[in-house]
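Residues per chain, in single letters:
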Amino acid sequence: MATCIGMVVRYGVPALAGLKPAARRGSRQRARVYVPQRWSHGARSSLYEHVREGYSDKPELDMRAVCEETDKVIANVENRKGDLRGDDVRRIVCVWQELQAVRTEISALEEQKRSVSNTVRALVAKNDKKALGDLPEYTRALQHGRQIRSRLNLLQPRETELDQEHYGRALRLPNTSHPDVPVGDESQARVVELVGQKPVFDFKPRGHVELGEELGLIRQRHLAHVSGHRSYYLRGAGARLQTALQNFALDTLQRRGFVPMVVPDVMMGAVFEGCGMQPNAHRSQVYSLDQARFPDLNLAGTGEVGVAGYFMDHAVGWKDLPARTVCSSTCYRAETDTGRETWGLYRVHHFNKVEMFGVTADETGEESAQLLQEFIALQKEMFSALELHYRVLDMPTQELGPPAHRKYDIEAWMPGRDSYGEISSGSNCTDYQSRRLNILYERVDGGLQYAHTVNATACAVPRTIIAILETHQTKEGAVRVPRALQPYLGLEVIEAPKYSPLKYIGPNQHSRPPRPAPRTR
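Residues numbered from 1 in each chain as written. Predicted model: local features only at pLDDT ≥ 70, side-chain atom pairs only at ≥ 80, totals over all residues. Heavy atoms only, no water.

### What about the overall build of the chain?
Consideration 1: Along its length, the chain carries 15 helices and 18 strands.
Consideration 2: The proportion of buried residues among the 521 residues of the chain is 46%.
Consideration 3: Long-range contacts, defined as pairs at least 24 residues apart, comprise 74% of the intrachain contacts of the chain with a sequence gap of at least 6.
Consideration 4: Only carbon and sulfur atoms are counted for the fraction: they give 50% of the accessible area of the chain, which is about 27,400 Å². (Helix = DSSP H or I, 4+ residues; strand = E, 2+ residues; numbered from the N terminus. Buried < 20%, exposed > 50% of the residue type's maximum accessible area, 1.4 Å probe, protein only. Contact = heavy atoms within 4.5 Å. Areas by Shrake-Rupley, 256 points an atom, 1.4 Å probe, with all protein chains shown as cover.)

### Thoughts on unusual backbone geometry
Among all residues except glycine, the phi angle is most often negative; among peptide bonds, the trans geometry is most common.
Consideration 1: Leu321 connects to Pro322 through a cis peptide bond whose omega is -10 degrees.
Consideration 2: Structurally, Pro322 is set in the loop between strand 8 (314-316) and strand 9 (323-332).
Consideration 3: Positive phi values are uncommon outside glycine, yet Asp313 reaches one of about 65 degrees.
Consideration 4: Its location among the elements puts Asp313 in the loop between helix 11 (303-311) and strand 8.
Consideration 5: By relative accessible area, which is 27% here, Asp313 ends up partly exposed.
Consideration 6: Positive phi, normally seen in glycine, also occurs at Asn438, with a value near 55 degrees.
Consideration 7: When you line up the elements, Asn438 lands in the loop between helix 13 (432-437) and strand 14 (439-442).

### Focus on the layout of surface pockets
Consideration 1: Of the volumes computed, that of the second largest pocket is approximately 1,000 Å³.
Consideration 2: Lining the second largest pocket we find 41 residues, and of these Asn175, Thr176, Ser177, His405 and Thr430 sit closest to its centre.
Consideration 3: At the level of secondary structure, the elements contributing two or more residues to the lining of the second largest pocket comprise helix 2 (63-68), helix 3 (70-79), helix 12 (367-385), strand 12 (406-414) and helix 13.
Consideration 4: A total of six residues in the lining of the second largest pocket trace back to one element, the largest contributor, which is helix 3.
Consideration 5: Grouping the constituent residues of the lining of the second largest pocket by class yields 17 nonpolar, 14 polar and 10 charged. (1 Å grid on protein atoms, 1.4 Å probe; cavity = no way out; pocket = protein on both sides within 12 Å on 5 of 7 lines; lining within 4 Å. Points joined across faces, edges and corners; volume = space filled by probe spheres on them. Nonpolar A, V, L, I, M, F, W, Y, C, P; charged D, E, K, R; others polar.)

### Examining the sheet that holds strand 16 (residues 452-460)
Consideration 1: Taking strand neighbours across the sheet as the criterion, the eight strands line up as 1-11-12-13-16-10-9-4 in an open arrangement whose pairing is mixed. Whereas interior strands pair on both sides, the edge strands pair on one side only; in this sheet they are strand 1 (190-195) and strand 4 (259-261). Ignoring which end each strand starts from, the neighbouring axes of this sheet average 25 degrees apart.
Consideration 2: As paired elements, strand 13 (residues 419-428) and strand 16 share three bridges and run antiparallel to each other. (Pairing = 2+ DSSP bridges. Axes fitted to C-alpha atoms, helices over the stretch in contact; angles between N-to-C directions.)

### Here's the deal with the pairing of strand 11 (residues 390-394)
Consideration 1: Across the five residues that make up strand 11, a large majority, four, are buried.
Consideration 2: Sheet analysis places strand 11 next to strand 12, joined by five bridges and oriented antiparallel. Looking across to strand 12, one finds that Val392 is bridged to Ile410.

### What to know about the confidence of the model for the chain
Consideration 1: Chain-level statistics for the chain give a pLDDT mean of 89 and a share of 90% at 70 or above.
Consideration 2: Note on residues 5-40: pLDDT under 50 across the span, and 53 contacts to partners over four residues away in sequence or across chains. (pLDDT = per-residue confidence, 0-100.)

### Details of the environment of Glu381
Consideration 1: Secondary-structure assignment places Glu381 in helix 12.
Consideration 2: For the pair Glu381 and Thr252, spaced 129 residues apart in the sequence, the C-alpha separation amounts to 9.3 Å.
Consideration 3: Excluding residues within four positions of it along the chain, Glu381 makes contact with Thr252 and Arg256.

### Describing the packing of helix 9 (residues 237-254) against helix 12
Consideration 1: In contact at an axis separation of 11 Å, helix 9 and helix 12 are set at 135 degrees when each is read in the N-to-C sense. It follows from the interaxial angle that helix 9 and helix 12 lie oblique. Crossing handedness for the pair helix 9 and helix 12: right-handed. Of the residues in helix 12, those in contact with Phe248, Ala249, Thr252 and Leu253 of helix 9 are Leu378, Glu381, Met382 and Ala385.
Consideration 2: Considered class by class, the residues forming the contact of helix 9 with helix 12 number six nonpolar, one polar and one charged. (Parallel < 35°, antiparallel > 145°, perpendicular 65-115°, else oblique. Left-handed = near helix turned anticlockwise from the far one by under 90°.)

Right, dumping it as structure tokens:
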């Protein structure tokens, strides 16, 4: 157990602004001026600012485990990817213990204050007002009351400061790791299962970009001045293939009891942070809108954020557990590591994805693990129906990200790349997100308990298109459509379209066609 010895009160610390009261639901609110704060101990916390504005309750983090099992928490932090280290964890413990000491003293002083107030009221009731000044007990009570107020005036600003520092630091802690999770980087991922067989070709398989261009499905060339790097167009059967994959995944999951949902693409930073993402971090993968015009609004990189925001500050009824949700959304990712996969659909700035999200109980501690296995079974069912060869990986500590307790990736074989490529993942986040976003469930007795959340990719469209095109290509350059997808696509084989491809007539080419001559009237 970690302990921290320090002064409870530091004199001369400037008082911070008090928390603003929560606005009443349904009432008209005056426009708020959003002023982002940069804290001395790290990047600002959108979630804490969200709470301070009165929109949500404070996250209830499990600090008992952090204080009692500090060495285990330090080992977990250092096994994961990120900038947190053991000294950061020890500082979190120190701040929390000092905060608790301050709150304990404030509570005791408030009790004394009430006692003094009762004493003064009793003396006033029993004695003549003119005689009160001569009563020693009355004088002592007033003096004691002034001492209490003076002490509270020192402690309360310190409590506010410590509370802000606590959340600014503790919200960066990752989830616990399942004891069976491999330790290390992605090279330590453990293959759990291989499904299907690698396709065998009597010709050299082509990559998806070459296939897509020849079949009129994909365009990535000459787009830097149109939509920037890592962008693309899907056209003809390519566009139909995206729609077919989305509908195939949505139908499969709705038959299994998933409730469909359409989610916002633009979300507040607090929801990202509650999910375990850092929109304010340096080189963040999150696109932020112009902060001068749209304060703290960001483009979602996964439907998980939108669905989690739907459940934020709400409780799920016992009979509805586990609550299974599926959404199809457009995802936006900055992909700042520009040196990897610069061409093709594998790593792009925008893509469509069908996402599974589950909210489950925490009565036995096994409910979320069971739901994750259910999600993985559904992923395998869909990828097998698409006739892909793939493997399931138990991901190591450095690949979990902050929210996941355990995470499985599925990688499909992509013959054109001559390697496996990730097409989905599934994570058990236990109560990490629910404690930050106040996602609860109502127990049979009516009490509220923090839920567990689970998320998994049902279909990341561009990468699934890569696997389908490269796996089912023919020697003639066509692509055979998997049987499960044929009713959605209306085709058995994707062949080159009858219309001609567009001809590029822009600058920067060796033989540019002449520009149109002026028209004569």
